[in-house]
Amino acid sequence: MQLLDGKALSAKIETAVATEVKDLKNSTGLVPGLAVILVGQDPASAAYVNMKKKACDRVGFYSVTHEMPSDISQSAIENTITMMNNNPNIDGILIQLPLPAQIDTTKILELVEPSKDVDGFHPYNVGRLTTGLDGFVPCTPLGVMELLNEYNIDPKGKNCVVVGASNIVGKPMAALLLNANATVEVCHIFTDDLKRHTLCADMIFVGAGVINLIKEDMVKDGAIIIDIGINRAQNGKLVGDADFENVAKKCSFITPVPGGVGPMTIAMLLSNTLKAAKANAKIKEGK
Ligand code: NAD
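Since the model is a prediction, treat every value here as computed from it, not as a measurement. Starting afresh in each chain, residues are numbered from 1 along the sequence in its written order. Confidence filtering applies because this is a predicted model: local features only for residues at pLDDT of at least 70, side-chain atom pairs given and counted only at 80 or more, and all residues used for totals across whole chains, interfaces and linings. With hydrogens and water stripped out, all remaining heavy atoms of the structure feed into the side-chain values.

Caption draft 1: Spotlight on the domain arrangement of the chain. What marks off one domain from the next here is an automatic or database domain assignment. The domains assigned to the chain are domain 1 (29-115) and domain 2 (139-262). In this structure, domain 1 and domain 2 have C-alpha centres spaced 28 Å apart.

Caption draft 2: Geometry of a nonpolar patch on the surface. A contiguous nonpolar patch, built from Tyr48, Met51, Ile230 and Leu238 and spanning about 330 Å² of accessible area, is present on the exposed surface. The secondary structure listing takes helices from DSSP runs of H or I that are at least 4 residues long and strands from runs of E that are at least 2 residues long, numbered from the N terminus. Along the chain, the position of Tyr48 falls in helix α2 (residues 43-59). For patch detection, residues must exceed 30% relative accessible area and be free of salt bridges, and they are connected within 9 Å for like charges or within 5 Å for nonpolar side chains (Val, Leu, Ile, Met, Phe, Trp, Tyr). Note on areas: these come from Shrake-Rupley sampling with a 1.4 Å probe, and a residue is covered only by the protein chains present in the view. Definition used for salt bridges: Asp or Glu carboxyl oxygen within 4 Å of a side-chain nitrogen of Lys or Arg.

Caption draft 3: Region of interest: the site of the ligand. Nearness here has a simple test: a residue counts as near a molecule or strand if at least one of its heavy atoms is within 4 Å of that partner. Near the ligand you find 20 residues, and of these Ala165, Ser166, Ile189, Ile228 and Thr265 are the closest. For the ligand, the protein covers 71% of the area, taking 860 Å² as the surface of the free molecule. The greatest single-element share of the shell around the ligand, amounting to 3 residues, is contributed by helix α10 (residues 261-284). A per-class count over the shell around the ligand returns 10 nonpolar, 10 polar and no charged. When residues are grouped by polarity, Ala, Val, Leu, Ile, Met, Phe, Trp, Tyr, Cys and Pro land in nonpolar, Asp, Glu, Lys and Arg in charged, and all others, Gly among them, in polar.

Caption draft 4: Structural view of the packing of aromatic side chains. Two aromatic rings from Phe, Tyr or Trp, using only the six-membered ring of Trp, form a pair when their centres are within 6.5 Å; if the ring planes differ by under 30 degrees the pair is stacked, by over 60 it is edge-to-face, and anything between is tilted. As enumerated under the stated definition, the model contains 1 aromatic pair in all. Both rings, one in Tyr151 and one in Phe253, keep their centres 6.4 Å apart while their planes meet at 65 degrees; by these two values the pair is edge-to-face. Taken as a pair, Tyr151 in the loop between α6 (139-150) and β5 (159-163) and Phe253 in strand β11 (residues 253-254) lie far apart in primary sequence, 102 residues in all. Note on criteria: charge over ring means Lys NZ or Arg CZ within 6 Å of the ring centre, with the direction from the centre no more than 35 degrees off the ring normal. One cation-aromatic arrangement involves Lys275 over Phe136; the distance from NZ or CZ to the ring centre is 5.4 Å.

Caption draft 5: Seen up close, the side chain of Thr80. Among the secondary structure elements, Thr80 is positioned in helix α3 (residues 74-86). Contact definition: two residues touch when any of their heavy atoms are within 4.5 Å. With residues near it in sequence (within four places) discarded, Thr80 still touches Ile37, His66 and Met68.

Caption draft 6: Looking closely at the packing of α2 against α10. Lines fitted to C-alpha atoms define the axes here, with helix axes fitted over just the stretch in contact, and angles between the N-to-C directions of these axes take values from 0 to 180 degrees. Packing of α2 against α10 leaves a shortest axis separation of 10 Å and a crossing angle of 55 degrees. When the axis of α2 is compared with that of α10, the two are oblique. The handedness of the crossing between α2 and α10 comes out as right-handed. On α10, the residues that touch Met51, Lys52, Ala55, Cys56 and Val59 of α2 are Ile266, Leu269 and Leu270. Taken together, the residues that form the contact of α2 with α10 break down as 7 nonpolar, no polar and 1 charged. Here the angle decides the label: under 35 degrees means roughly parallel, over 145 means roughly antiparallel, 65 to 115 means roughly perpendicular, and every other value means oblique. Each crossing is labelled by how the near helix is turned from the far one, with a counterclockwise turn of less than a right angle marking it left-handed and a clockwise turn marking it right-handed.

Caption draft 7: How the structure looks around the nonpolar core. Core analysis: the biggest nonpolar cluster contains 49 residues, and Phe205 and Ile226 have the highest contact counts within it. Counting only domains with at least three residues in this core, you end up with domain 1 (29-115) and domain 2 (139-262). In contact with Phe205, not counting residues within four places along its chain, are Val144, Leu148, Cys160, Val161, Val162, Val163, Met173, Leu177, Ile226 and Ile228. The term nonpolar core refers to a set of buried residues drawn from Ala, Val, Leu, Ile, Met, Phe, Trp, Tyr and Cys, joined through side-chain atoms within 4.5 Å. Relative accessibility under 20% of the residue-type maximum defines a buried residue, over 50% an exposed one, and the middle range a partly exposed one, all with a 1.4 Å probe and only protein chains included.

Caption draft 8: Just the pattern of salt bridges, in detail. Scanning the model with the defined rule gives 8 salt bridges in all. A salt bridge links Glu150 to Lys12, with the nearest nitrogen and oxygen atoms 2.7 Å apart. With Glu150 in helix α6 and Lys12 in helix α1 (residues 6-28), this residue pair connects regions lying 138 residues apart in the sequence. Residue class for Glu150 comes out partly exposed when judged on its relative accessible area of 35%. Glu14 is the salt-bridge partner of Arg58, the closest N and O atoms lying 2.6 Å from each other. Here Arg58, found in helix α2, pairs with Glu14, found in helix α1; they are 44 residues apart in sequence, far enough to count as distant.

Caption draft 9: Expanded view of the pairing of strand β3 (residues 62-68). DSSP bridges decide pairing: two strands pair if at least two such bridges lie between them. Here strand β2 (residues 33-39) pairs with β3 via 7 bridges, running parallel. For Leu38, the partnering residue across the bridge sits in β3 and is Glu67. By definition, the crossover connecting two strands over a helix is right-handed if that path, from the first strand to the second, turns clockwise as seen with the strands pointing away from the viewer. In this fold, β2 hands off to α2, which returns the chain to β3; that crossover is right-handed.

Caption draft 10: Up close: the sheet that holds β2. Spatial strand order, β3-β2-β4: 3 strands in an open sheet with parallel pairing. Of all strands in the sheet, those bounded by a partner on one side alone are β3 and β4 (92-95). Within this sheet the neighbouring strands show an average axis-to-axis angle of 15 degrees, counted without direction. Across the sheet, α3 touches β2, β3 and β4, and the angle it forms with β3 is around 170 degrees.

Caption draft 11: Quick look at the sheet that holds strand β8 (residues 224-227). Ordered by their spatial adjacency, 6 strands build an open sheet running β1-β11-β8-β7-β5-β6, and the pairing between neighbours is parallel. Looking at the sheet topology across the chains shown, the edges are occupied by β1 (2-3) and β6 (183-187). Where helix α7 (residues 170-179) meets the sheet, it contacts β5, β6 and β7 (203-206), and its direction lies at approximately 170 degrees from that of β5.

Given below as structure tokens:
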């Protein structure tokens, strides 16, 4: 069994992004900018935003966080997004989800200018992903594909089972795998007999948010497990969705939690923001 080390790969990507940021600044004077909108006091959301801000600082991005109270109105968030859409110093806009119940999240995500949609949640970019066109791809599944690539794991022709079907994780993960010519099955909360599906899988991608959802007897020998779940166990430790200790023995490759997919998500946010900045720099230069 070999661990897929997302911590090491994300550090490598960060270094490459930082070098490109310096080059961009030297050649054009431009600095990539990321705006984050954080609504409410959820500690997990605040911690994620803080991690993203620190990563931006490390690679030399300009970043700004708009913190808003949980009783904020729809129009106030929309006004801030419009301002960011029109701000030439901002290349990427990230709305930290979930938003409070009174907010229409779909409307908010649709307002983000697609060329600044570094999370890849706008329907325009979702459409480009499903049709196999270049665009912005959600950071977590994109990070998974980078990790596979780093270890020369090619999903082409493999039976891939994705467990979890959210717009953020499962659906874009399935689209990327399909674009990579894998045979893809998507399972979710209403799937009858999950084990029947996972037992046939060469590769399992699990992002359900359920501790120990994938157990040893649900995995065939030599399978590859990509554990996207992040859960807080009763002892306070961060764990994934697979019963790591017992499942790992049967796997050829597995991602640890923490240190697997998590750091790749932030690395892909940096890489998507740099991509947006480079495209915007070309527009500003009239190329
Ligand atoms: P979500 O709640 O939006 O979606 C969960 C999905 O899992 C749903 O499609 C649901 O049907 C499915 N599911 C739930 N219980 C199931 C079960 N018992 N059997 C089969 N399917 C089941 O969550 P999300 O935002 O997609 O996040 C999923 C997990 O991934 C969470 O643990 C989250 O913390 C983690 N996550 C990690 C990263 C990262 O950077 N590694 C990023 C985003 C989310």
